[in-house]
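Read off the chains here:
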Amino acid sequence: FCILLLEIVSPSYAEGTITLSKSKIKLSYLVNFARYVRWPTNAFNSSGSPVVIAIDIEHPYSETLDNKKVGITKEGRDIVFKSCSTPPESKDVHIIYIQEGASTFVGIDAKQFGGSTLTVGDAQDFIHSGGVIQLMDRGKNIAFSINQKMAQKLGLNIHYKILKMAQPLVGTDT
């Protein structure tokens, strides 16, 4: 599933010359989160509804990924990206990536997404602002922390493998 995503956003990956930018790595994380998080059944319109990941229309890969199937969840749902020019309604998306500095989602508060929307962001204080998963630059790598209490409050069940990979975030009790 992530190989398909990488082939879509990085022809050099498909050709065997691997050069992954941090942006591509973050997109891969989003797909993995979609695959390994379970939402309540009422988060979907039907049993065949896809998991929708919203990204800002200004994201470097928004045009390439818009309405593209990039994987399948453990439950068999398609994973699809949606480029947004305005903040989406929480009922229309399952994951929203709030990229630091993206003008479409500027000023968006992770807390405003109720329901069962998994909020993922890369601002330094994202989890402290009510977000569920915070992506963090660690030199050449990307790490992440999870606000497990917020995830549980939203009815999200994050697979133990993802929880095990998460980094502790100083100053929280998550």
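K.L.:
Explanation requested: the overall build of the protein in the structure shown.
P.N.:
Broken down by element type, the protein carries six helices and nine strands. Across the protein, contacts joining residues at least 24 apart in sequence account for 54% of those joining residues at least 6 apart. Summed over its atoms, the accessible surface of the protein is roughly 8800 Å², and 49% of this surface lies on carbon and sulfur atoms.

K.L.:
Before we go on, may I ask you to explain the packing of aromatic side chains in this structure?
P.N.:
To describe a pair of aromatic rings, one takes the distance between the centres and the angle between the planes. According to the stated counting rule, one finds four aromatic pairs in the structure shown. Ring centres of Tyr29 and Phe33 lie 5.8 Å apart, and the angle between their planes is 20°; on these two criteria the pair is classed as stacked. One end of the pair is Tyr29 and the other is Phe33, both in helix α3 (residues 22-36) and four residues apart, which spans about a single turn. In this structure Tyr29 comes out as buried when scored by relative accessible area, which is 15%. Judged by centre distance (5.2 Å) and plane angle (75°), the rings of Phe33 and Phe144 are edge-to-face. You can see Phe33 sitting in helix α3 and its partner Phe144 sitting in strand β8 (residues 141-146), a full 111 residues away along the chain. Note on accessibility: Phe33 and Phe144 belong to one class, buried. Linked through ring pairs, Tyr29, Phe33 and Phe144 together constitute an aromatic cluster.

K.L.:
Mind showing me how you'd approach the confidence of the model for the protein here?
P.N.:
Predicted coordinates in areas of low pLDDT are best not read in detail. When pLDDT is averaged along the protein, the result is 81; 76% of the residues meet or exceed 70. Of all secondary-structure elements in the protein, the lowest mean pLDDT belongs to helix α1 (residues 2-9), at 45, while strand β9 (residues 157-158) reaches the highest, 95. Every residue in residues 1-14 scores below 50 in pLDDT, and together they form 38 contacts with partners more than four places removed in sequence or on other chains.

K.L.:
Explain the pattern of salt bridges to me, please; I cannot follow it from the model alone.
P.N.:
Side chains that differ in charge, positive against negative, can pair when their charged atoms come close. On inspection of all chains with the given rule, the structure shows four salt bridges. Across the salt bridge formed by Asp137 and Lys22, the nearest N and O atoms sit 3.8 Å from each other. Pair noted here: Asp137 is in strand β7 (residues 133-138) and Lys22 is in helix α3, with a separation of 115 residues, a long-range link. Relative accessible area serves as the criterion here: at 43%, Asp137 is assigned to the partly exposed category. In this structure, Asp137 engages Lys26 in a salt bridge whose closest nitrogen and oxygen atoms are separated by 3.8 Å. A residue pair is termed long-range when its members are at least 10 positions apart, and Asp137 in strand β7 and Lys26 in helix α3 qualify at 111 residues.

Cut-offs used in this document
Residues numbered from 1 in each chain as written. Predicted model: local features only at pLDDT ≥ 70, side-chain atom pairs only at ≥ 80, totals over all residues. Heavy atoms only, no water. Helix = DSSP H or I, 4+ residues; strand = E, 2+ residues; numbered from the N terminus. Contact = heavy atoms within 4.5 Å. Areas by Shrake-Rupley, 256 points an atom, 1.4 Å probe, with all protein chains shown as cover. Phe/Tyr/Trp six-rings, centres within 6.5 Å; stacked < 30°, edge-to-face > 60°. Buried < 20%, exposed > 50% of the residue type's maximum accessible area, 1.4 Å probe, protein only. pLDDT = per-residue confidence, 0-100. Salt bridge = Lys/Arg side-chain N within 4 Å of Asp/Glu carboxyl O.

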